[in-house]
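# A structural walkthrough
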Amino acid sequence: MDAMITLLPGDGIGPEVTASGKAVLKAIELSFGHKFKFEEKYIGGAAIDQFNDPLPSDTQKSCLDSNAVILGAVGGPKWDDPNAKIRPEQGLLSLRKLLGVFANIRPIKVYPSLKKSSPLKEEKLDDVDLIVIRELTGGIYFGEKKRSEKKASDLCEYHEFEVTRIIRKAADIAMQRQRKLCSVDKANVLETSRFWRDITSKIVSREYQDIEIEHILVDAAAMYLINNPSDFDVVVTENMFGDILTDEASMLSGSLGMLPSASLGDGSIGLYEPIHGSAPDITGTKSANPCGMIGSIAMLLRHSLNLQEEAEIIEGAMFDVIEGGARTKDIAEENDRIINTDEMTQLIIDKII
Ligand code: IPM
Ligand code: MN
């Protein structure tokens, strides 16, 4: 198959892990006879430095012409002035909006041999396998922002169509799993949450009678994720709650560096990014864990290119390499031999070709 893929390495460790993702795609291309065309473009702080714009029009055009977009990370201390008018994160937020990728899918799996890397007790992690579906293009992230000397505000808004489409997306995914859907909100306080809850109940009762729906308040959900993580299957929530809960949930897998994500809309074009950020503290040391990115590549093949077998081969290769004991710094125990980003990537590629 022919595909056009835009690579947006961005900032911090973004370029290091994006190189891993590209290398894995090249291995798949070679082994399966596909033809992938890559375009590399600027985003985030790197784009601000070059063009004074976190999402230059050339980047936008390339993304819109692609089958899929891969993002490393954006942001870093260099651009961290909270009063700055232009910020790297605006590039990513505008890109999500531009591509219409309203559903951010964040699967959380626990590799057996990494249970000891998690801060949780090992027995809590048995049978943990959940997916968080985070609404990605609405809510407080995109509402009107105001600031005066004595007051600041961020508006949180949701339209009916925005809630409807994310709930349908989550319910479709739940139908392929255990048919259990947990919707997280703050309906005891927020009007947007009461609205979200009403729409969710209505859609599930009308269109998904086989699904067991549960509504949980976000504060309780944060607690259950630590106390009973294996009770969850598919979790759906609004933008900011999803941002916070997925960083928390990443600790179940042992490291933020392990987790992939796919952001999807109504079309097939998707945005794929590891959920870790730019990690300025380890930038340039080649110690980043490439698994979050490589898992995102598997999701890209599955969701944007419909290459199921290739996706499974990557996931299988990653599983074998991790279970075989390969460790980057973030998942290493005291006496483990630590390998770098490129070595981990190569071990995974060796299992693919
Ligand atoms: C994420 C990140 C982003 C977000 C930032 C970088 C804007 O934390 O993808 O989870 O908050 O969505
Ligand atoms: Mn986040």
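Scroll up for the structure.
Residues numbered from 1 in each chain as written. Chains lettered and ligands numbered in written order. Predicted model: local features only at pLDDT ≥ 70, side-chain atom pairs only at ≥ 80, totals over all residues. Heavy atoms only, no water.

For the protein, the count of helices and strands is 11 helices and 12 strands. Relative to the compact-globule value of 20 Å for 353 residues, the protein shows a C-alpha radius of gyration of 20 Å, a close match. Per-residue burial over the protein gives 52% buried out of 353 residues. Entry remark: accessible area of the protein is about 15800 Å², with carbon and sulfur atoms responsible for 50%. (Helix = DSSP H or I, 4+ residues; strand = E, 2+ residues; numbered from the N terminus. Rg over C-alpha atoms; globule rule 2.2 N^0.38 Å. Buried < 20%, exposed > 50% of the residue type's maximum accessible area, 1.4 Å probe, protein only. Areas by Shrake-Rupley, 256 points an atom, 1.4 Å probe, with all protein chains shown as cover.)

As a further point, take the pairing of strand β5 (residues 129-135). Look at any regular strand and the pattern is simple: side chains alternate between the two faces of the sheet. Of all seven residues making up β5, six are buried, and the element is well covered by its neighbours. Sheet analysis places strand β4 (residues 103-109) next to β5, joined by seven bridges and oriented antiparallel. In the strand pairing of β5, I108 is matched with L130. Sheet topology note: the β5/strand β10 (residues 234-237) ladder contains four bridges and is parallel. Bridging across to β10, R134 finds its partner in T237. (Pairing = 2+ DSSP bridges.)

In this section: the pairing of strand β8 (residues 180-185). Burial analysis of β8 places five of its six residues in the buried class, which makes it a mostly covered element. Relative to strand β9 (residues 212-217), β8 runs parallel, the two being bridged by six bridges. Bridged to K180 within β9 is E212. On the question of chirality, the crossover connecting β8 to the parallel β9 by way of helix α6 (residues 191-207) is right-handed. (Right-handed = clockwise from strand over helix to strand, strands pointing away.)

So, on to the nonpolar core. In this structure, F36, L181, L301, I314, M344 and I348 are the most contacted members of the largest nonpolar core, which totals 65 residues. When residues in this core are grouped by element, the largest group, eight residues, is from helix α9 (residues 291-303). Both domains that meet at this core, namely domain 1 (1-104 + 290-353) and domain 2 (119-253), each give it at least three residues. What M344 contacts, discounting residues up to four positions off in sequence, is P290, C291, V321, I322, A326, R327, T328, I331 and I339. Within the second largest apolar cluster, 22 residues are counted, among which are L130, L225, V235 and L245. (Core = buried A, V, L, I, M, F, W, Y, C linked by side-chain atoms within 4.5 Å. Domains from an automatic or database assignment. Contact = heavy atoms within 4.5 Å.)

Our focus in this paragraph is a negative patch on the surface. A contiguous patch of negative charge on the surface is contributed by E122, E123, E333 and E334. In this structure, E334 sits in the loop between α10 (308-323) and α11 (341-352). (Patch = residues over 30% accessible without salt bridge, like charges linked within 9 Å, V, L, I, M, F, W, Y side chains within 5 Å. Salt bridge = Lys/Arg side-chain N within 4 Å of Asp/Glu carboxyl O. Lys, Arg positive; Asp, Glu negative; His and termini not counted. Charge placed at Lys NZ, Arg CZ, Asp CG, Glu CD.)

If you walk through the whole model with that rule in mind, you get 22 salt bridges. One salt bridge in this structure joins R134 and D243, with 3.7 Å as the shortest N-O distance. One end of the pair, R134, is in strand β5; the other, D243, is in helix α8 (residues 239-250), and 109 residues separate them in sequence. For D243, a relative accessible area of 26% corresponds to the partly exposed category. When salt bridges with common partners are traced through the structure, they connect K37, E39, K41 and D58 into a single cluster.

The next thing to look at is the packing of aromatic side chains. For the structure on display, the rule yields three aromatic pairs. A ring pair is formed by Y111 and F319, whose centres lie 5.6 Å apart and whose planes are at 25°; its orientation type is stacked. Here Y111 is found in the loop between β4 and β5, whereas its partner F319 is found in helix α10, with 208 residues between them in sequence. Under the relative-accessibility criterion, Y111 is labelled buried at 12%. Taking relative accessible area as the criterion, F319 reaches 38% and is therefore assigned partly exposed. (Phe/Tyr/Trp six-rings, centres within 6.5 Å; stacked < 30°, edge-to-face > 60°.)

The subject of this paragraph is unusual backbone geometry. Working note: non-glycine residues mostly have negative phi, and peptide bonds are mostly trans. A positive phi angle, close to 65°, is found at D127, a residue other than glycine. Turning to its location among the elements, D127 is positioned in the loop between β4 and β5. You can call D127 exposed: its relative accessible area is 69%. In this structure, R179 takes a positive phi of about 60° despite not being glycine. Assignment of secondary structure puts R179 in the loop between α5 (160-175) and β8. Residue class for R179 comes out partly exposed when judged on its relative accessible area of 35%.

Nothing here speaks to function; it is geometry throughout.
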